[in-house]
Amino acid sequence: MRGLLVVNPNATTTTPRAREVLINSLTYQFHLETITTDHRGHAAELGARARRDGVDAVIALGGDGTANEIINGMLGEEGPGPDVPAFGIVPGGSANVFSRSIGFPQDPIEATGELTAALRDRRTRTIGLGRADDRWFLCNAGLGIDAEIISAMEEARAKGKSATPTRYLVTTLRQFFSGTDRRTSSLVVIRPGHEPVRRVFLAIIQNTSPWTYLGAIAVNPSPEASFESGLDLWALRSMSVTSGLAHARRMLMKTKATKSDSVLMLHDQDEFTIACHRPTALQVDGESLGDVDQVRFTSHPNALRVFA
């Protein structure tokens, strides 16, 4: 098996010594070429090169952002195909939504053991992916305060602060109460054959469940989302404190969703478009993509083989 191991040296939950141990374990057993990323977009470049070179497997040691870059490099504009390498991951990020969604432990050493068994047995599954315009995503995307929080966290990390669950919670509360515009909605959900849904403040798009994690706690607005179905949309139509607390409690306590005028919930969608009255923050797989005016979301079944 010809393989490539892409290492993010800034992975937040692994030390340099731990990364060295994990790298040695994988390269010794599977003779993987190892490349450490040194700039934003490097992982995408490596993913594209792996497909051109006919590599059998690409393994990431990093978080959801590293994984997202690699699959965007591998799929690019050509999209899925038999020449796309199988993908695997050792979790090294703060949330590790993708690795947990395919059943891997959060601990990098334990996850490496699971991945090693999957590589040895050539054990893969094929999953669907989402796309936001021309950007592929594994797990989720978001418009509004979701993306604003991620942008604020990226700024904090750039200043040397760690991405802890406590920092995420504090950043979320600060953004909700003093950062985002909770009075004037900016989003409109447009679906083929349906009337547009207006007055939307926040849109969370899930390709799998849960949406994210707050430490060990799953945060899950669309619990039916799955790699085997289309995209799920959870769109908030009120940003009042009462509404926000009620929806936060439901997501964290796993209580059953009920119909409400304050939220739009759609399951198993092939495509939809979200238009913005003003430039609005967008994120995919936990990576800030800046402000956008409109995004078309599409579902792509059976798009990627992953080791699981």
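Scroll up for the structure.
A brief look at the structure comes next.

What counts, and at which threshold
- Residues numbered from 1 in each chain as written.
- Predicted model: local features only at pLDDT ≥ 70, side-chain atom pairs only at ≥ 80, totals over all residues.
- Heavy atoms only, no water.
- Helix = DSSP H or I, 4+ residues; strand = E, 2+ residues; numbered from the N terminus.
- Rg over C-alpha atoms; globule rule 2.2 N^0.38 Å.
- Buried < 20%, exposed > 50% of the residue type's maximum accessible area, 1.4 Å probe, protein only.
- Contact = heavy atoms within 4.5 Å.
- Phe/Tyr/Trp six-rings, centres within 6.5 Å; stacked < 30°, edge-to-face > 60°.
- Core = buried A, V, L, I, M, F, W, Y, C linked by side-chain atoms within 4.5 Å.
- Salt bridge = Lys/Arg side-chain N within 4 Å of Asp/Glu carboxyl O.

What to know about the overall build of the protein
A tally of regular secondary structure across the protein gives eight helices and 16 strands. Against the globule reference of 19 Å for 308 residues, the protein gives a C-alpha radius of gyration of 19 Å, in line with a compact fold. Along the three orthogonal principal directions, the C-alpha set of the protein runs to about 55 × 40 × 35 Å. Burial status across the protein gives 54% buried among its 308 residues. Of all intrachain contacts in the protein linking residues separated by at least 6 positions in sequence, the fraction that spans at least 24 positions is 73%.

Let's talk about unusual backbone geometry
A cis geometry characterises the amide bond from Ser209 onward to Pro210, with omega recorded as 5 degrees. With respect to the helices, strands and loops of the structure, Pro210 is situated in the loop between strand E10 (202-206) and strand E11 (212-214). With a phi close to 55 degrees, Asn96 is a non-glycine residue in the positive phi region. Residue placement: Asn96 occurs in the loop between strand E4 (86-91) and helix H4 (97-101). Judged by relative accessible area, which is 2%, Asn96 ranks as buried. Positive phi, normally seen in glycine, also occurs at Arg122, with a value near 50 degrees.

Things to note about the packing of aromatic side chains
For the coordinates displayed, the defined rule picks out five aromatic pairs. Considering the side-chain rings of Phe98 and Phe227, the 6.2 Å spacing of their centres and the 70 degrees angle between planes classify their relative orientation as edge-to-face. Placement of the pair is Phe98 in helix H4 and Phe227 in the loop between strand E12 (217-219) and strand E13 (231-236), with a sequence separation of 129 residues. No difference in accessibility class separates Phe98 from Phe227, as the two residues are buried. Judged by centre distance (5.4 Å) and plane angle (35 degrees), the rings of Phe272 and Phe297 are tilted. With Phe272 in strand E15 (residues 271-284) and Phe297 in strand E16 (residues 287-307), this pair connects stretches of sequence that are 25 residues apart. In this pair, the class of Phe272 matches that of Phe297, namely buried. An aromatic cluster is built from Phe87, Phe98 and Phe227, whose rings are joined through pairwise contacts.

Some points on the nonpolar core
Core analysis: the biggest nonpolar cluster contains 51 residues, and Met74, Phe87, Phe98, Leu129, Leu138 and Leu304 have the highest contact counts within it. Beyond its immediate stretch of four places on either side in the chain, Leu129 contacts Ile71, Leu75, Trp136, Phe137, Leu138, Asn207, Thr298, Ser299, His300, Ala303 and Leu304.

Considering the pattern of salt bridges
Side chains that carry opposite charge are capable of pairing whenever their charged atoms lie near each other. For the structure on display, the rule yields nine salt bridges. With a closest N to O distance of 3.6 Å, Arg49 and Asp53 form a salt bridge. What makes Asp53 partly exposed here is its relative accessible area of 39%. Among the ionic pairs, Arg51 bridges to Asp83, the shortest N-O distance being 3.0 Å. On the criterion of sequence distance, the pair formed by Arg51 in helix H2 (residues 42-52) and Asp83 in the loop between helix H3 (64-75) and E4 is long-range, its members being 32 residues apart. By sharing partners, the salt bridges in this structure join Glu33, Arg49 and Asp53 into a single network.

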